[in-house]
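# Residue-level structure breakdown
One-letter residues, chain by chain:
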Amino acid sequence: MRQVFLVIALLVLCTLITVGQPRFLTAYNLLNVLEQAAVIGIVSAGVVMLMIGGGFDLSVGSGVVLGAYIVAMAFKHELPTPLAIFLALLGGAALGVVNGVGIAHLGIPSLIMTLGTLYAVRGGVLYLSGGETIGYRFPDAFTFIGKGDLAELPMPVIIVAVVYIIFFVITKKTRFGLYTVAVGTDSDTAWRAGISAKQHLTTLYIISGTLAALAGIVLTARIDAATVRFGDGYELQCIAAVVIGGTSLFGGRGTLPGTVLGVLFLAIVHNGINLLGVSPFLATFAIGALLLFSATIDIAATLTRRT
């Protein structure tokens, strides 16, 4: 039901923006909206999987900048494209391992653990890079990931679509998807049913970190540079998109299609405000208000089910 209301809200929002600025509905602008939403969408795919499994990750923005920094440095040292991408993804996965072990196995609260890795990773990148943008003449095969297109669809849009299709199949058709819901609903019951809840949650953190690094790779390929500002605020934007899309803050419930709608909603809000010439601070206010509204609905629905 939440997704139906979100679709209606999207249609109303698009109508209002079009009335104020007819350029909104041009093919060029709509493709631009999709391309801008792609990077946040990639990160959000990992966030929604993690939140369904009962996890919470504030370090995804640092995962983005970590992936970007590693791939840029790899090219600076003239490593081949496949190896550069692999090392960046490995860096994101390593971040996920640290978060997963700390939270699932050592019992550190997810808020504290991921807030710590957020600052530690970003601070490390700032130190190693000297705070400077890493610009390099990246190979054409790499920049195609961020700037190329297939059948007039930008590659970032194709990449995010592939990511969501893969994880949609995983959640609906595999044991891993069932285990994710079980662990997020009640980890103790899942453990008694023979599911290794700690290991499963760690795997979800690895997925989240890896997808954050993938987003950093795509962003670097698109911008043709890696900056220490990559990923700033992404954690809150992704959580907002996921919660607005209907994922529960308490775990066990959430959908990838709902997350897609949430990501698109945020992207359209940003795009519409830019086209209408309204203060960009209004977008921040709107996202915060929507997050609070969605969280309130989720809490009310959870309390209703428990009574």
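## Here we look at the pattern of salt bridges
For the coordinates displayed, the defined rule picks out five salt bridges. Across the pair Arg122 and Asp232 runs a salt bridge, and its minimum N-O distance is 3.2 Å. With a gap of 110 residues between them, Arg122 in helix H5 (residues 110–129) and Asp232 in the loop between strand E4 (225–226) and helix H11 (234–244) connect regions that are remote in the sequence. Each of Arg122, Arg229 and Asp232 takes part in a single network of salt bridges with overlapping partners.

## Remarks on H11
Burial within H11 is extensive, with nine of its 11 residues counted as buried. Listed as buried for H11 are Tyr234, Glu235, Cys238, Ile239, Ala240, Ala241, Val242, Val243 and Ile244.

## As for the packing of helix H2 (residues 27–52) against H11
At a minimum axis separation of 9 Å, H2 and H11 run at an interaxial angle of 65 degrees. Judged by the twist between their axes, the crossing of H2 over H11 is right-handed. Taking contact as the criterion, the partners of Val39, Ile40, Val43, Ser44, Val47, Val48 and Met51 in H2 are, on H11, Tyr234, Gln237, Cys238, Ile239, Ala241, Val242 and Val243. Residue classes in the contact of H2 with H11 are distributed as 12 nonpolar, two polar and no charged.

## What to know about the side chain of Asn29
Looking at the secondary structure, you find Asn29 in helix H2. Owing to a relative accessible area of 7%, Asn29 belongs among the buried residues under this scheme. Residue contacts for Asn29: discarding those within four places in its chain leaves Arg23, Phe24, Asn271 and Leu275.

## Some remarks on unusual backbone geometry
Phi is mostly negative for residues that are not glycine, and the peptide bonds are mostly trans. Positive phi, normally seen in glycine, also occurs at Ala151, with a value near 55 degrees. Residue Asp224 is not a glycine yet carries a positive backbone phi of 70 degrees. Inspection of the secondary structure puts Asp224 in the loop between helix H10 (197–223) and E4.

Calculation notes
- Residues numbered from 1 in each chain as written.
- Predicted model: local features only at pLDDT ≥ 70, side-chain atom pairs only at ≥ 80, totals over all residues.
- Heavy atoms only, no water.
- Salt bridge = Lys/Arg side-chain N within 4 Å of Asp/Glu carboxyl O.
- Helix = DSSP H or I, 4+ residues; strand = E, 2+ residues; numbered from the N terminus.
- Buried < 20%, exposed > 50% of the residue type's maximum accessible area, 1.4 Å probe, protein only.
- Axes fitted to C-alpha atoms, helices over the stretch in contact; angles between N-to-C directions.
- Left-handed = near helix turned anticlockwise from the far one by under 90°.
- Contact = heavy atoms within 4.5 Å.
- Nonpolar A, V, L, I, M, F, W, Y, C, P; charged D, E, K, R; others polar.

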